[in-house]
Every structure is written in C-alpha cells, then in structure tokens.
Amino acid sequence: MWPEGKRAAASFTFDFDAEEVWIGEDPENANRPGVLSQGTYGAKVAVPLILDLLERTGVTATFFVPGRVAERYPGRVREILAAGHEIGHHGYTHTSPMNLSPEAEEAELTKALGILRDLGADVVGYRSPSWEFSPVTMGLLERHGLRYSSNLMDDVRPYRHDGIDLVELPIQWILDDAPHFWFDGGPSWNRRISAPSEVREIWEAEFTGIRALGGAFTLTMHPQIIGRPSRLALLDAFIDFVKGHDDIWIAPCREIAERV
C-alpha cells in the first residue's frame, strides 16, 4: 500500500473550527463573546503559528474547514492553500449530521463545497462535525464527488468501503487533542487538562503500535487547542519524533487515500 521503503504512513490534520464549534452546537453561543473568543484565538493566532511550524518542519497537512468558518476567515483559508496544504470538508455549520434532516444535510454539504471551491480548494475529503454519520451521509459523499472520509474508528489501516467508491482513513479519540486538552468552563468544568508531556507519551506509544502494524497514523488537532504555545512545542517535538523514522511516509490525507 505504501511507497517503496515505507512500512506505514502518518498524516497531521487540523479541524479549523474557530467559533463555529460552539455556535453549531448551540446558536445561543453566538451572543457569548467570552466563549467564542476561544475559537477566535484559533483563527487569529494559532493558524499562522501552525503554518509557520509546518513550513519549518517540512510537513504538508490537511485542514478540515466548516463552510461558515471559510466565509468568516477567507484570508486564512487562502493562506493555508498558498502554503500547499490540503483543505477538506467539515460541514457548513459545525452540526452533527445526526441532527439534520437528509435535505438539510445535503444542503450543508453542497453549500460548504461551493464556498471552499470558490476559494480555490480542490475538496476531495470529508470529516464530519463530531465524527458522526447519518444513514444517508456516505451516499451523499459519493453523489457529490468526495473520495475519502476520515471519521470511523474501526481499523488502523485505510480501506475502501464495501459497495461505495469511498476510502476511509480511520481516526481515534486518543489521537485527538480535544479529549486531552479541551476545557471551556461549561459541562466539562471538572475535566482535567493534561500536561503536554503526558499527551506526547500517549501519541508516541500509539504511533509505535500503528507503525508496527503497517497502518496509517492520523493525528487530529484543533488550532484553538493545539495552538497554545506549550502545545505547539509538543507538536514540534512530536513531528521531529515521527520524522526520525525513515520508514514512515508523511503525507496529507488525500495522498494517503489515493494509495488505497
């Protein structure tokens, strides 16, 4: 599956949700500037810092962007594209397909596709808000020309879905920054914030296991979360760790999906 001399693959992905992760789940949050400022940090501060880090380390990444975030921050989307990174679909609003009618889900899918493509993105991949599918999601993805999904947790290797022209790039919660670092003062008030050193240990152990199995290591991050200074240092060190393995192919999601 992998290029000659490579035993496994790794992709670094970012869900660029900005304020939409709060508004999509509860529109009332649109009137809470303190809450939304957490997402604003992602667009205002974190994305430029992440782009600098990726340029310095020579990594091409995938950014999954909701359509409404692209409307709010078109300049940031253009900067991501100009740096050579992939843009993927992440809904129009950050609303789970499970909370939409089939008609509304298709409307969100097509609206976001149009916005991202108008900004110059060749969109071939989809990551659902909340990593959830409705009964019609996969059919909609195929109908509208998406070629891969990065949403399911049933494997460590990419695979092609049965009966549908769609590749799956598996993910996992332990390889997402949110379970380790998320804290917003709401229902998660008692959630413990992990130290970067703990998270690095978890990610390195999972990377080692996936590498041994010849799989694809897909790391999911959010600019407003991973983009804090201490966590950027973690990401920098972790990229260096991954690049220290000569048998690992680091590539954006679309290139990994094309191998399948």
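What comes next is a walk through the structure. Predicted, not measured: the structure shown is a model, and the values here were computed from it. (Residues numbered from 1 in each chain as written. Predicted model: local features only at pLDDT ≥ 70, side-chain atom pairs only at ≥ 80, totals over all residues. Heavy atoms only, no water.)

1. Structural notes on the packing of helix α2 (residues 33-57) against helix α4 (residues 74-82)
Thought 1: Contact pair α2 / α4: the axes reach a minimum separation of 11 Å and the direction vectors enclose 5°. Compared by their axis directions, α2 and α4 come out roughly parallel. Between α2 and α4, the residues in contact are Ala 43, Lys 44, Val 47, Pro 48 and Leu 51 and Arg 76, Glu 79 and Ile 80, respectively.
Thought 2: Split by residue class, the contact of α2 with α4 holds five nonpolar, no polar and three charged. (Axes fitted to C-alpha atoms, helices over the stretch in contact; angles between N-to-C directions. Helix = DSSP H or I, 4+ residues; strand = E, 2+ residues; numbered from the N terminus. Parallel < 35°, antiparallel > 145°, perpendicular 65-115°, else oblique. Contact = heavy atoms within 4.5 Å. Nonpolar A, V, L, I, M, F, W, Y, C, P; charged D, E, K, R; others polar.)

2. Quick word on the packing of aromatic side chains
Thought 1: Tallied over the full model, the rule gives 12 aromatic pairs.
Thought 2: Their ring planes at 25° and their centres at 5.4 Å tell us that Trp 22 and Trp 182 sit as a pair that is stacked. Here Trp 182 lies in the loop between α7 (177-181) and α8 (196-212) and Trp 22 lies in helix α1 (residues 20-23), a separation of 160 residues in the sequence. Note on accessibility: Trp 22 and Trp 182 belong to one class, buried.
Thought 3: Through a chain of ring-to-ring contacts, the aromatic side chains of Phe 12, Trp 203, Phe 207, Phe 217, Phe 238 and Phe 241 assemble into a single cluster.
Thought 4: The ring of Tyr 41 carries Arg 228 above its face, with NZ or CZ at 4.4 Å from the centroid.
Thought 5: Stacked on the ring of Trp 249, the Lys or Arg Arg 259 has its end atom at 5.9 Å from the ring centre. (Phe/Tyr/Trp six-rings, centres within 6.5 Å; stacked < 30°, edge-to-face > 60°. Buried < 20%, exposed > 50% of the residue type's maximum accessible area, 1.4 Å probe, protein only. Lys NZ or Arg CZ within 6 Å of the ring centre and 35° of its normal.)

3. Quick notes on the pairing of strand β8 (residues 216-221)
Thought 1: Most of β8 sits inside the fold, with six of its six residues counted as buried.
Thought 2: Burial along β8 is two-sided: the residues Ala 216, Thr 218 and Thr 220 and Phe 217, Leu 219 and Met 221 are all buried.
Thought 3: Here strand β1 (residues 8-15) runs beside β8; their pairing, made up of six bridges, is parallel. Residue pairing in the sheet places Phe 12 in a bridge with Leu 219 of β8. (Pairing = 2+ DSSP bridges.)

4. Quick word on the environment of Leu 169
Thought 1: Its place among the elements puts Leu 169 in the loop between β7 (167-168) and α7.
Thought 2: In this structure Leu 169 comes out as buried when scored by relative accessible area, which is 1%.
Thought 3: Taking C-alpha positions, Leu 169 is 9.6 Å from Arg 254, a pair spaced 85 residues apart along the chain.
Thought 4: Aside from chain neighbours lying at most four places away, what touches Leu 169 is Tyr 148, Ser 149, Ser 150, Asn 151, Pro 158, Cys 253, Ile 256 and Ala 257.

5. Points about the side chain of Asn 151
Thought 1: Within the secondary structure, Asn 151 sits in the loop between β5 (148-149) and β6 (159-160).
Thought 2: Here Ser 128 takes part through its backbone nitrogen, which lies 2.6 Å from a polar atom of the side chain of Asn 151.
Thought 3: For Asn 151, the side chain forms a polar contact with the side chain of Ser 149, separated by 2.7 Å.
Thought 4: In this structure, Asn 151 is in contact with Tyr 126, Arg 127, Ser 128, Trp 131, Phe 133, Glu 168, Leu 169 and Ile 171, ignoring residues within four places of it in sequence. (Polar contact = N/O pair within 3.5 Å; in protein donor to acceptor, adjacent residues only side chain to side chain.)

6. Points about the layout of surface pockets
Thought 1: What the second largest pocket holds in volume is close to 170 Å³.
Thought 2: Contributing to the lining of the second largest pocket are 12 residues, with Gln 38, Phe 183, Gln 224, Ile 225 and Arg 231 lying nearest its centre.
Thought 3: Looking at the lining of the second largest pocket residue by residue, the class counts come to seven nonpolar, two polar and three charged. (1 Å grid on protein atoms, 1.4 Å probe; cavity = no way out; pocket = protein on both sides within 12 Å on 5 of 7 lines; lining within 4 Å. Points joined across faces, edges and corners; volume = space filled by probe spheres on them.)

7. So, a negative patch on the surface
Thought 1: A grouping of Glu 25, Asp 26, Glu 28 and Glu 132 is seen on the molecular surface, where their side chains present a negatively charged patch.
Thought 2: Take Asp 26: it is sitting in the loop between α1 and α2.
Thought 3: For Asp 26, a relative accessible area of 33% corresponds to the partly exposed category. (Patch = residues over 30% accessible without salt bridge, like charges linked within 9 Å, V, L, I, M, F, W, Y side chains within 5 Å. Areas by Shrake-Rupley, 256 points an atom, 1.4 Å probe, with all protein chains shown as cover. Salt bridge = Lys/Arg side-chain N within 4 Å of Asp/Glu carboxyl O. Lys, Arg positive; Asp, Glu negative; His and termini not counted. Charge placed at Lys NZ, Arg CZ, Asp CG, Glu CD.)

8. Notes on α4
Thought 1: Taken as a whole, α4 has its buried residues at Arg 76, Val 77 and Ile 80. Taken end-on, α4 shows its buried residues confined to a sector of 100°, consistent with a single buried face.
Thought 2: For α4, the secondary structure elements touched by its buried residues are α2, β2 (62-65), α3 (67-72) and β3 (86-89).
Thought 3: Positive backbone phi, approximately 90°, marks Gly 84, located one or two places after α4. (Arc of directions from axis to C-beta.)

9. Focus on the side chain of Ser 150
Thought 1: For Ser 150, the position within the fold is in the loop between β5 and β6.
Thought 2: Judged by relative accessible area, Ser 150 falls into the buried class, the value being 0%.
Thought 3: Within the local environment of Ser 150, its side chain forms a polar contact with the side chain of Arg 127, the two groups lying 2.9 Å apart.
Thought 4: Not counting chain neighbours up to four residues away, the residues in contact with Ser 150 comprise Phe 64, Tyr 126, Arg 127, Trp 131, Glu 168, Leu 169, Ile 171 and Thr 218.

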